[in-house]
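Results of the structural survey
One letter stands for each residue in the lines below.
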Amino acid sequence: MTAAKNKNFITDIIDADNQNGRFDRRVHTRFPPEPNGYLHIGHAKSICLNFGIAEQYGGLCNLRFDDTNPAKEEQEYIDAIIEDLRWLGYQWHDRVYFASDYFDELYQMAVELIQIGKAYVDELSPDEIRQYRGALSEPGTDSPYRNRPIAENLALFEKMRAGGFKEGEAVLRAKIDMSSGNINLRDPVMYRILDAPHPRTGDKWRIYPMYDFAHGQSDSIEGITHSICTLEYEDHRPLYDWYLDNIEIFHPRQIEFARLNLSHTIMSKRKLIRLVQEGYVRGWDDPRMPTIAGLRRRGYTPEAIREFCDDIGVGKVKGVVALHKLEFHIRQDLNRRAQRVMAVVNPLKVVIENYPDDQVEHLDAINNPEDESAGTRKVPFSKVLYIEREDFMEDPPRKFFRLAPGREVRLRYAYFITCVAVIKDDAGQIVELRCRYDPATRGGSAPDGRRVKATLHWVSAQHALEAEARLYENLFTVENPEADRDKDFTEFINPKSLTVVDPIYIEPSLRSARAGDRFQFERLAYFVVDEDSTPDKLVFNRTVTLRDQWRKAQKRSAKRRKSKRRKKSAEPG
RNA sequence: AGGGAAGUAGCUCAAUUGGCAGAGCAGGUGCCUUUGGAGCACAAGGUUAAAGGUUCGAGUCCUUUCUUCCCUGCCA
């Protein structure tokens with residue numbers, strides 16, 4: 001539901017292609033995940049791009065699993081990827097394909113290249129192949145097997161297919177140029193032998209095409225016009241083109257863009273899988289993970305993710321997007337749609353001394369000030385309440401407007417109260433506040449027009465439900481956990497990335513909440529009901545905190561104090 | 001000269017293809033507020049990596065230089 005049409009260097013290229021009729025004004029893209037892990041927010045950028053462009057031009061976008069390496073790929077990932085794509089809101093109808101669908105055709109294409117003398121079976125060992133490849137600034141040398149007769153190559157390739165070689169004993173290579181400055185063109189491997197059962201083709205094949213040999217031809221078979229991939233494939237484009245030109249089939253255009261990097265997290269599938277396998281997180285859908293499944297469980301909405309992808313745009317500059325940006329979009333989305341509710345995470349008992357002991361009032365509360373149609377609900381009020389411990393200070397600094405001894409504040413939707421006494425335990429800990437309320441302020445405003453500077457959220461102690469809250473912070477403490485070459489990224493995992501608070505106290509209207517329901521706990525944060533919830537006890541994941549000017553101001557003044565001190569100590573004398 | 005690519009505000013991107021360098025986010029200052037949320041207003045932020053050239057006019061075209069990133073898997 002993205003309103004404005006996105007314009008970027010890729011749409012410029014497509015516009016030009018449409019103008020000169022290169023693809024008969026057709027636009028057909030594809031999203032080609034390898035099923036070797038879960039989709040993450042970086043994939044979301046590619047998904048939004050590919051599906052978005054197809055939508056924008058009235059074209060199509062295929063889903064194609066790039067399943068050419070059975071050693072790493074699993075059905076579990078295929079299922080998870082489909083679920084995540086659906087959840088993001090994209091459709092491909094019946095156009096879900098697998099590179100493995102084309103193994104027969106690919107094999108034929110390879111045979112064709114052998115027949116025109118452009119491919120050969122090499123029996124060098126993997127190690128030897130590496131040595132023969134040369135170095136970045138030095139040409140490689142031809143394999144001794146490079147100039148075998150066509151008939152021999154044909155027979156050997158058939159022998160590879162039939163299982164006459166073991167893994168590593170032979171590969172099929174394209175005969176291009178061992179002295180090319182582009183290493184991808186130094187006789188790249190087209191087929192290798194893999195003794196792993198394939199999730200889809202079972203044990204039909206013992207040889208599998210390499211990415212480069214499979215991808216362009218798969219694009220071609222599907223009639224893809226614009227094959228959009230990430231920057232690291234720029235060097236592969238000449239090879240992409242070479243295969244298509246030499247096999248002489250329909251030739252899509254490969255376009256490369258900069259993948260997403262997000263601060264305070266990692267995007268490498270190899271590293272994400274380590275977080276899961278080594279138990280740093282609870283699974284691929286742990287709410288701290290940058291995976292789509294993790295973000296979903298964290299309470300993110302598909303809309304927010306799509307808005308985020310639109311916002312960051314697409315270019316060829318490698319950069320790092322601040323995590324703040326993602327948070328901005330989920331706040332913006334949830335602000336519009338999340339139901340407001342009151343919950344106390346860190347309780348402080350408040351007794352309203354002049355409130356009748358057994359009285360209960362059901363007060364009207366607005367469900368969403370941003371959306372009148374969300375209506376109102378009733379919230380019970382009684383003599384004994386919980387407020388947030390942080391909302392009281394015995395000796396408040398300037399600009400702390402909340403409750404303090406002798407000060408009057410408003411309880412949201414309820415009454416003005418004034419703190420008359422502070423009760424402490426033997427250790428000096430504040431355990432209870434005694435307050436008095438003004439009955440004339442019912443609903444939250446004073447008939448005499450007097451004002452208070454703060455409004456507090458609260459729950460009635462006898463009516464409150466207990467729940468568990470999982471408070472999340474950044475998974476990593478540093479902007480780029482991969483930057484330090486001497487340290488493993490796991491050393492930068494934030495020890496406070498998950499804090500469990502149990503119990504928290506929530507208003508009784510939440511009794512009917514179900515897994516996936518999103519709420520704003522007023523003045524605190526957005527939360528979503530986790531699937532770990534039971535009928536007896538709800539579990540909430542904190543999606544993102546509300547912006548907090550007070551905390552920001554505190555941080556700012558702390559910083560100022562620090563720099564002032566530094567300045568002072570730097571002065572001589 | 002190994003090949004490829006990128007440099008515009010703190011960050012992510014624009015700039016009608018040669019015509020007054022803009023937006024969102026972040027940061028700043030106010031206003032408003034029954035969420036210190038949301039909202040509103042204002043200000044600030046730039047030698048367009050650098051130098052030279054073409055031109056009435058250059059972020060855009062040409063030349064040179066600098067910086068950063070990617071590439072030596074039988075991974076994708």
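For the structure given in this document, a descriptive report is provided here. (Residues numbered from 1 in each chain as written. Chains lettered and ligands numbered in written order. Predicted model: local features only at pLDDT ≥ 70, side-chain atom pairs only at ≥ 80, totals over all residues. Heavy atoms only, no water.)

1. Thoughts on the overall build of chain A
For chain A, the helix and strand inventory stands at 13 helices and 25 strands. In terms of overall dimensions, chain A is more spread out than a globule: its C-alpha atoms have a radius of gyration of 31 Å, far above the 25 Å expected for 573 residues. Its C-alpha atoms give chain A principal-axis dimensions of about 100 × 65 × 45 Å. Contacts in chain A between residues far apart in sequence, at least 24 positions, make up 71% of those at least 6 positions apart. Surface summary for chain A: the accessible area is close to 27700 Å², and the carbon and sulfur share equals 47%. The averaged location of the 90 negative side-chain charges in chain A is 8 Å from the averaged location of its 88 positive side-chain charges. (Helix = DSSP H or I, 4+ residues; strand = E, 2+ residues; numbered from the N terminus. Rg over C-alpha atoms; globule rule 2.2 N^0.38 Å. Contact = heavy atoms within 4.5 Å. Areas by Shrake-Rupley, 256 points an atom, 1.4 Å probe, with all protein chains shown as cover. Lys, Arg positive; Asp, Glu negative; His and termini not counted. Charge placed at Lys NZ, Arg CZ, Asp CG, Glu CD.)

2. Quick word on empty space enclosed by the protein
Counted under the stated rule, the structure contains three cavities of 30 Å³ or more. In this model, the largest cavity occupies a volume close to 210 Å³. Lining the largest cavity are 19 residues, and of these Arg288, Met289, Leu295, Arg298 and Leu323 sit closest to its centre. Within the residue set of the lining of the largest cavity, elements represented by two or more residues are α10 (292-298), α12 (323-337) and β25 (538-545). Ranked by the residues each element gives to the lining of the largest cavity, the list is headed by α12, at three residues. (1 Å grid on protein atoms, 1.4 Å probe; cavity = no way out; pocket = protein on both sides within 12 Å on 5 of 7 lines; lining within 4 Å. Points joined across faces, edges and corners; volume = space filled by probe spheres on them.)

3. Some details on the protein's contact with RNA strand B
Around RNA strand B sit 69 residues in total, of which Ile312, Lys318, Arg340, Gly443 and Arg556 are the nearest. Arg340 has a polar side-chain atom sitting 2.4 Å from a base oxygen of RNA strand B. At a separation of 3.4 Å, a base oxygen of RNA strand B approaches a polar backbone atom of Tyr413. Among the secondary structure elements, those contributing two or more residues to the surface near RNA strand B are α5 (126-132), β6 (189-193), α11 (302-312), α12 and α13 (549-570). Each residue belonging to the surface near RNA strand B can be placed in one class, and the counts come to 24 nonpolar, 18 polar and 27 charged. (Near = heavy atom within 4 Å. Polar contact = N/O pair within 3.5 Å; in protein donor to acceptor, adjacent residues only side chain to side chain. Nonpolar A, V, L, I, M, F, W, Y, C, P; charged D, E, K, R; others polar.)

4. Examining the pattern of salt bridges
Counted under the stated rule, the structure contains 49 salt bridges. The partner of Asp333 in a salt bridge is Arg337, and the shortest N-O contact between them spans 2.9 Å. Taken as a pair, Asp333 and Arg337 lie in helix α12 at a separation of four residues, close to a single helical turn. The class for Asp333 is buried, based on a relative accessible area of 6%. For Arg337, a relative accessible area of 41% gives the class partly exposed. The salt bridge involving Arg470 is made with Asp530; its shortest N-O contact spans 3.6 Å. (Salt bridge = Lys/Arg side-chain N within 4 Å of Asp/Glu carboxyl O. Buried < 20%, exposed > 50% of the residue type's maximum accessible area, 1.4 Å probe, protein only.)

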